[in-house]
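# Chain and residue survey
If you want the building blocks of each chain, they are given just below.
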Amino acid sequence: MEKKPTLRFTFTIVAIILGVTLYKQFDFKTLKFEHTGLAIIYAITFAFSIFYLVRNRKKAGNNP
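A brief structural summary. (Residues numbered from 1 in each chain as written. Predicted model: local features only at pLDDT ≥ 70, side-chain atom pairs only at ≥ 80, totals over all residues. Heavy atoms only, no water.)

A few words now on the side chain of Asn56. Tracing the sequence through the fold places Asn56 in helix 2 (residues 36-60). Judged by relative accessible area, Asn56 falls into the buried class, the value being 14%. At a separation of 2.9 Å, a polar atom in the side chain of Asn56 contacts the side chain of Tyr52. (Helix = DSSP H or I, 4+ residues; strand = E, 2+ residues; numbered from the N terminus. Buried < 20%, exposed > 50% of the residue type's maximum accessible area, 1.4 Å probe, protein only. Polar contact = N/O pair within 3.5 Å; in protein donor to acceptor, adjacent residues only side chain to side chain.)

Attention now moves to unusual backbone geometry. A negative phi holds for most residues other than glycine; trans holds for most peptide bonds. Of note, the phi angle at Leu31 is positive, near 60 degrees, even though the residue is not glycine. Among the structural elements, Leu31 can be located in the loop between strand 1 (26-27) and strand 2 (32-33).

Let us now look at the environment of Leu38. Mapping Leu38 onto the fold places it in helix 2. According to the relative accessible area criterion, Leu38 is partly exposed, its value standing at 36%. Residues Leu38 and Gln25 lie 13 residues apart in sequence; the distance between their C-alpha atoms is 9.8 Å.

Right, dumping it as structure tokens:
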């Protein structure tokens, strides 16, 4: 059994959850987050998961 599809699925779910969470915590009127420290941690993890997904997508070619 290969580990890459499992990791790809896991990082996809993490990216979706963190993206939605960051969107919900952002106040568009004041252009600030409700919990700044937590938003920083979420943003770093979100960026890492997107980076991982893009990097593996480039290595595998254009295969879905």
